Amino acid sequence: MISRRSFGKALGFGTGAAAVSMAGLGSAQTASAASGAPLGTPAAHTGFPRLKQVRAGLLDVGYAEVGPAHGPAVICLHGWPYDIHSYVDVAPLLAAQGYRVLVPYLRGHGTTRFRSGGTFRNAQQSAIALDVIALMDALKIEKAVLAGFDWGSRTADIVAALWPERCKALVSVSGYLVTNREANLNPLAAKAEYAWWYQYYFATERGRLAMQDKDLRRDLTRLVWDTVSPTWDFDDATFERTAAAFDNPDYAAIVIHNYRWRLSLADGERRYDALEKRLAARPVIGVPTVTLDAERDPFTAPGGGASYRDRFTGAYEHRTLAGIGHNVPQEAPAAFAQAVIDADHLLGK
């Protein structure tokens, strides 16, 4: 566990919708999860305590857990090509505020395994969202704050939209990311298409083979890290710590299916059709939400969240993180953790 001394200083983040920077922040005292006050200065962590495993739905889920066992639950969801270490500094900050923080490996990542060899290695959006519901059921968590980026944002958005009774509040990087496959058939502007190059690579047999080859996979994912987080000065050890999660035997199948399914180049499973039909209608999200845009993320849409504002109908705040790239929780852990705390207390304002 982290020491009290490690969190003696606090960051002076406000709760307004202004741009947030990591520079020039003041200090204040730490507070409990019930207060919604600013939190402690992040310390650098290289890993989590002992990982846990639990059978949940189709999976045997590997996850990290920090914080008091009976604290309010926060579930942090990673994206691609990342893993639970995106939250290695966020989780202790929230735990120090009294939260029970759970960070699961998504299907196909790390120590998460399919319970049956015969299960289709499906990565369509509704299937991954149901993994979160199954995990909450297995751990007897009725309701949690959900927070994510990339695949994790999409997954958290879907849970908040379809099962709002299970989502106390939401933090979503890049806002509303629910996939509309029909809309995805339309071309984007050339610059936007350029940023998604790997999706088209994965549509080919060469891309699939690259994901199966350990060295090629590491080269490709490292290139993605470099290009989507241009200001993040991470070292080799930080990348390799996460890349170990890509050695999961189902990693290639899950990644390839996810991106091919989004482009209507691969089928999902009929058992999820009803959920996908609801998601295609772009359901609104009514739970308290903080959305975050990363200024240096090539996937961040212009307009300060305006393109998705109408999808959030409850208590809401938006923030743009100046100088930050795609991997928001690892690049700006204090800003991300503060967003979780503030989302949790939006209704109390």
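Residues numbered from 1 in each chain as written. Predicted model: local features only at pLDDT ≥ 70, side-chain atom pairs only at ≥ 80, totals over all residues. Heavy atoms only, no water.

Of all the seven residues making up strand β7 (residues 167-173), six are buried; the element is thus mostly covered by neighbouring parts of the structure. Here strand β6 (residues 144-148) pairs with β7 via five bridges, running parallel. What sits directly across from Val145, in β7, is Ala169. Pairing between β7 and strand β8 (residues 289-294): four bridges, direction parallel. Along β8, the bridge assignment pairs Val171 with Val290. (Buried < 20%, exposed > 50% of the residue type's maximum accessible area, 1.4 Å probe, protein only. Helix = DSSP H or I, 4+ residues; strand = E, 2+ residues; numbered from the N terminus. Pairing = 2+ DSSP bridges.)

With that out of the way, let us pick up the pattern of salt bridges. Going through the model one piece at a time under the given rule, you end up with 17 salt bridges. Among the ionic pairs, Asp247 bridges to Arg217, the shortest N-O distance being 2.8 Å. In this pair, Asp247 is assigned in the loop between α8 (236-243) and α9 (251-262) and Arg217 in helix α7 (residues 214-228), connecting sequence segments 30 residues apart. Look at Arg217 and you get buried, because its relative accessible area is 7%. Two residues, Asp247 and Arg218, come together in a salt bridge whose shortest N-O distance is 3.3 Å. A residue pair is termed long-range when its members are at least 10 positions apart, and Asp247 in the loop between α8 and α9 and Arg218 in helix α7 qualify at 29 residues. One salt-bridge network, held together by shared partners, links Lys214, Arg217, Arg218, Glu240 and Asp247. (Salt bridge = Lys/Arg side-chain N within 4 Å of Asp/Glu carboxyl O.)

Here we come to helix α12 (residues 333-344). One turn of the α-helix equals 3.6 residues, which is why residues spaced by three or four share an orientation. Counted at 1.5 Å a residue, the expected span for α12 with its 12 residues is 16 Å, and the 17 Å between its end C-alpha atoms agrees. In terms of residue burial, α12 counts as a mostly covered element, since 12 of its 12 residues are buried. (Expected span 1.5 Å × (residues − 1).)

Here we come to the packing of aromatic side chains. Scanning the entire structure with this criterion turns up 24 aromatic pairs. When the centroid spacing of 5.0 Å and the interplanar angle of 90° are considered together, the rings of Trp225 and Phe239 count as edge-to-face. One end of the pair, Trp225, is in helix α7; the other, Phe239, is in helix α8, with 14 residues separating them in the sequence. Here Trp225 and Phe239 have matching classes, each one buried. Here Trp232 and Phe234 contribute two aromatic rings whose centre-to-centre distance is 4.7 Å and whose plane-to-plane angle is 50°, an arrangement assigned as tilted. Of the residues examined, Phe234 reaches a relative accessible area of 10% and is grouped as buried. An aromatic cluster of at least three residues, connected via ring pairs, comprises Trp80, Trp151, Trp196, Trp197, Tyr198, Tyr201, Phe202, Tyr259 and Phe299. Lying over the aromatic face of Phe239, Arg222 brings its terminal NZ or CZ to 5.4 Å of the ring centre. (Phe/Tyr/Trp six-rings, centres within 6.5 Å; stacked < 30°, edge-to-face > 60°. Lys NZ or Arg CZ within 6 Å of the ring centre and 35° of its normal.)

The share of residues in the protein chain with pLDDT of 70 or more is 88%, and the mean pLDDT across the chain is 90. Looking over the protein chain, one finds the lowest element-wise mean pLDDT in helix α4 (residues 190-195), namely 93, and the highest in strand β3 (residues 73-77), namely 99. Predicted confidence for residues 1-32 stays below pLDDT 50, and this span has 74 contacts to residues more than four positions away or in other chains. (pLDDT = per-residue confidence, 0-100. Contact = heavy atoms within 4.5 Å.)

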